[in-house]
Structures are given as C-alpha cells and as structure tokens.
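Listed below, chain by chain, are the residues.
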Amino acid sequence: MPSPSRRASAVATLIMVTCAPVAAAQEKPVELAAGPGRETVQAACGMCHSLDYIVINSPILDRAGWEKTVRKMTNVMGAPLTDEQVTIVVEYLSRYYARP
C-alpha cells in the first residue's frame, strides 16, 4: 500500500490531468477592438505574450505609457518590429486601449 504522501501526490496529479482541459476549454481568447492596426497588434504583441496584457494595462496606460511600453518591448525585450510597426501598434493601443 502506498504511503499517504504518495497517495496525495497521485490524487493531485489525477486532479490536474482531469481538470486542466476543462479549465483551458473555458478560457476565451481576447478579442481586440476592431480597427486599423488590429492585425499588426495581434501579430506583434501575441508573438511573445497573451493579448490580455493589453486589456489588463489599458486602465493605467495613456499614450505616453503605451509608447514607452512598446519601445521597451522592442529595445529591451527584443521584439522584432520595424519603426513602421511600432508606430501602428502605438497608434492602435492609444486609440482603443489608453486611459484618457
């Protein structure tokens, strides 16, 4: 008979294996606002992280904040965006996801 700790570990593993697909199935992908630049933002931002970061940060970032964030993603984190793409991303985020 397995020890109590081995049984607990086995039960925990069974729960994770059983419940994880259900939890994942209930998640809905973020649907960004329709507008010019959405496809560029989805491709540029989504290559490294979930698009829900945009929605989460929208109450705290104004245009200057989005500009700084996008520049950090390219200059510090290495996101491979052209200057034109940066302009499109900042414009889109400022229009649809910036605080006033």
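In what follows, the structure referred to is the one given above.
The structure displayed is predicted, hence computed values, not measured ones.

Colleague: Which residues make up the overall build of the chain, and what are the values?
Modeller: Within the chain, the regular secondary structure consists of five helices and zero strands. When its helices and strands are written in sequence order, the chain yields α-α-α-α-α. Looking at the chain residue by residue over its 100 residues, the buried ones come to 23%. Look at the contacts in the chain between residues 6 or more apart in sequence, and 64% of them connect residues 24 or more apart. By element, 62% of the accessible surface of the chain is carried by carbon and sulfur atoms, the whole surface being about 7100 Å².

Colleague: Kindly report on helix 2 (residues 38-46), identifying the contributing residues and their values.
Modeller: Of all the residues in helix 2, the buried ones are Arg38, Val41, Ala44 and Cys45. End-on, the buried residues of helix 2 take up no more than an arc of 135 degrees, which puts them together on one face.

Colleague: Help me get a handle on the pattern of salt bridges, residues and values and all.
Modeller: Counted according to the given criterion, the structure contains five salt bridges. Among the ionic pairs, aspartate 62 bridges to arginine 99, the shortest N-O distance being 3.8 Å. You can see aspartate 62 sitting in the loop between helix 3 (52-57) and helix 4 (63-75) and its partner arginine 99 sitting in the segment after helix 5 (83-96), a full 37 residues away along the chain. In this structure arginine 99 comes out as partly exposed when scored by relative accessible area, which is 38%. Among the charged side chains, a salt-bridge network with shared partners connects Arg63, Glu91 and Arg95.

Colleague: I'd like a rundown of the environment of leucine 81, residues and numbers included.
Modeller: By the element assignment, leucine 81 lies in the loop between helix 4 and helix 5. When the C-alpha positions of leucine 81 and arginine 71 are compared, they lie 9.7 Å apart, and in sequence the two are 10 residues distant. Among residues more than four places away in sequence, those in contact with leucine 81 are Ala44, Met47, Thr74 and Val86.

Colleague: Quick rundown of the nonpolar core? Include the residues and the values.
Modeller: For soluble globular proteins, nonpolar side chains are generally found buried alongside one another. Membership of the largest hydrophobic core comes to 17 residues, with the highest contact counts inside it found for Leu32, Val41, Ile54, Val89, Leu93 and Tyr97. Listing elements by their share of this core, those giving two or more residues are helix 2, helix 4 and helix 5. When sequence neighbours within four positions are dropped, the list of residues in contact with leucine 93 reads Val41, Ile54, Trp66, Val70 and Ala98.

Colleague: Break down the side chain of arginine 38 for me, with residues and values.
Modeller: For arginine 38, the location among the structural elements is in helix 2. Discounting residues that sit within four places of it in the chain, arginine 38 has contacts with Glu31, Leu32, Ala33 and Tyr92.

Colleague: An account of the packing of aromatic side chains is requested, with residue identities and associated values reported.
Modeller: Tallied over the entire structure, the rule returns two aromatic pairs. With a centroid separation of 4.9 Å and 45 degrees between ring planes, the pair formed by tyrosine 92 and tyrosine 96 is classed as tilted. Of this pair, tyrosine 92 and tyrosine 96 both sit in helix 5, four residues apart, which is roughly one turn of that helix. Put simply, the rings of Tyr92, Tyr96 and Tyr97 touch in pairs and so form one group of aromatic residues.

Each value, and the rule that gives it
Residues numbered from 1 in each chain as written. Predicted model: local features only at pLDDT ≥ 70, side-chain atom pairs only at ≥ 80, totals over all residues. Heavy atoms only, no water. Helix = DSSP H or I, 4+ residues; strand = E, 2+ residues; numbered from the N terminus. Buried < 20%, exposed > 50% of the residue type's maximum accessible area, 1.4 Å probe, protein only. Contact = heavy atoms within 4.5 Å. Areas by Shrake-Rupley, 256 points an atom, 1.4 Å probe, with all protein chains shown as cover. Arc of directions from axis to C-beta. Salt bridge = Lys/Arg side-chain N within 4 Å of Asp/Glu carboxyl O. Core = buried A, V, L, I, M, F, W, Y, C linked by side-chain atoms within 4.5 Å. Phe/Tyr/Trp six-rings, centres within 6.5 Å; stacked < 30°, edge-to-face > 60°.

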